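What follows is each chain in one-letter form.
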Amino acid sequence: MKIYINGNAFELPHSAEPSHIDEVISKALPKNQQQQSFALALNGNFVGREDYHHTKVCDNDSIDLLFPIVGG
Amino acid sequence: MSLCIYGQALTSRLLIGSALYPSPEVMKKSIVASGSQVVTLSLKRQNPLARSGDKFWRYIQAIVQQNQGFLLPNTAGCKSAKEAITLAKMSRELFQTDWIKLEVIGDDYNLQPDPVELLIATEQLLADGFKVLPYCTDDLVICQRLYALGCQVIMPWASPIGTGKGLMNPYNLASIRQRLPDATLILDAGIGKPSDACIAMEMGFDGVLLNSAIALADNPVLMAQAFASAMSAGESAYIAGIMQERQTAHASTPTLDRPFWHHPEQSS
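This report concerns the structure included in the present document. (Residues numbered from 1 in each chain as written. Chains lettered and ligands numbered in written order. Predicted model: local features only at pLDDT ≥ 70, side-chain atom pairs only at ≥ 80, totals over all residues.)

Below, the discussion takes up helix 5 (residues 140–149) of chain B. All names here are of chain B. For helix 5, the full list of buried residues reads Ile142, Cys143, Leu146 and Tyr147. The arc enclosing the buried residues of helix 5, seen along the axis, measures out at 135 degrees, which places them on a common side. Structural note: helix 5 exposes Val141 and Ala148 on the side pointing more than 90 degrees away from its buried face. In the core, the buried residues of helix 5 are packed alongside helix 4 (115–127), strand 7 (131–136), strand 8 (153–156) and helix 6 (170–179). Taken from the residues just after helix 5, Gly150 is the one with a positive phi, measuring 125 degrees. (Buried ≥ 20, exposed ≤ 12 C-beta atoms within 10 Å, placed from the backbone. Helix = DSSP H or I, 4+ residues; strand = E, 2+ residues; numbered from the N terminus. Arc of directions from axis to C-beta. Contact = placed C-beta atoms within 7 Å.)

What follows is the structure, given as structure tokens:
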């Protein structure tokens, strides 16, 4: 299964059951990245942290992880 | 006197950005020197393998807590209501605030807000419980529409972001102040000099939000102090009541009992 995180393609092993966001994060991101403060959108729609474990991710889905940054 | 943002009283009327400073330490000193209690910040993508934003996040949290202040996340870079709404929701979760500086950009050249998308996003975010601080142009009708939707705070631009051109259309801004006397009006973007901020306050604006004018100064910390002083002077002038401009000259010195040299007929 191919997914995109911040525009970068990630190949994940196919499984019988669709993956959920928390599984994708644990497989696609390094540990230190997982522990950082971020907010997430799936295909342009916000997904709250409490929903990661039951929100399914499908082939060619796009995840945006956004991090705090300076701003005016 | 205090600035009120959706019921939250603030002692400083200056809101300050966290971008463009030469170093984090200068940013911190500048924010403290400005006296501002509201600091803007944003959310952006990072390459998953790149340096994290956690260091900045912890740093800015410490500064804001030290000032007993508040974070004001923005939706910079969004070009549609949908993008802005998604980013606002992400900001609320991460920054734990329902304040949002709502930016929906309609033109890449001057970064002018898109009024149509801004109104759509504002309506939906207010309905979702956000306290929206919309960044808009100095268009009176757009400001009226935003106020009618329920925005207690409205933030028209002085001039395009980062230009430092100051108040492009004082007449428009004065009209907005006059027509929306109960709205909290914060002049946002385009401020270049402390005198710009002073003029805004003299006009009766409730506050000023800026970033580049301080961050890009040769000495940002000193410039932050200058802005704080200018804001205070402008606010005092507004409260004191500025004299009416007059078309003709009026002598300041009393003209009664003029001395002898104004009576040439008596000399010989």
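There's more to say after this.
For the rest of this paragraph, the subject is the pairing of strand 8 of chain B. Residues and elements named next belong to chain B. Where burial is concerned, the two faces of strand 8 agree: the one with Val153 and Met155 and the one with Ile154 and Pro156 are both buried. Relative to strand 8, strand 7 runs parallel, the two sharing two bridges. Bridge pairing in strand 8 links Cys136 to Pro156. One crossover worth recording links strand 7 to the parallel strand 8 by way of helix 5, and it is right-handed. As defined by bridge partners, strand 8 adjoins strand 9 (residues 184–188) across two bridges and the pair is classed as parallel. From the neighbouring strand, Ile154 faces strand 9, where its bridge partner is Leu185. In this view, the connection linking strand 8 to its parallel neighbour strand 9 by way of helix 6 has right-handed handedness. (Pairing = 2+ DSSP bridges. Right-handed = clockwise from strand over helix to strand, strands pointing away.)

Attention now moves to the environment of Cys136 of chain B. Residue and element names in this part refer to chain B. With respect to the helices and strands, Cys136 occurs in strand 7. Counting along the chain gives 22 residues from Cys136 to Asp114, while the straight-line C-alpha distance between them is 7.9 Å. Among all residues touching Cys136, those that are not within four sequence positions of it are Pro113, Pro115, Leu118, Ile142, Cys143, Leu146, Ile154, Met155 and Pro156.

This next bit is on the interface of chain B and chain A. Taken together, the 27 residues of chain B in the interface contact 22 residues of chain A. For the side of chain B that touches chain A, the secondary structure elements donating two or more residues are strand 4 (38–45), helix 2 (54–66) and helix 3 (81–95) of chain B. Residues belonging to the side of chain B that touches chain A are distributed by class as follows: nine nonpolar, twelve polar and six charged. When strand 7 (residues 62–70) of chain A meets strand 4 of chain B, the two strands line up antiparallel, connected through five bridges. When the sheet's bridge partners are listed, Leu66 of chain A is paired in strand 4 of chain B with Arg45 of chain B. (Nonpolar A, V, L, I, M, F, W, Y, C, P; charged D, E, K, R; others polar.)

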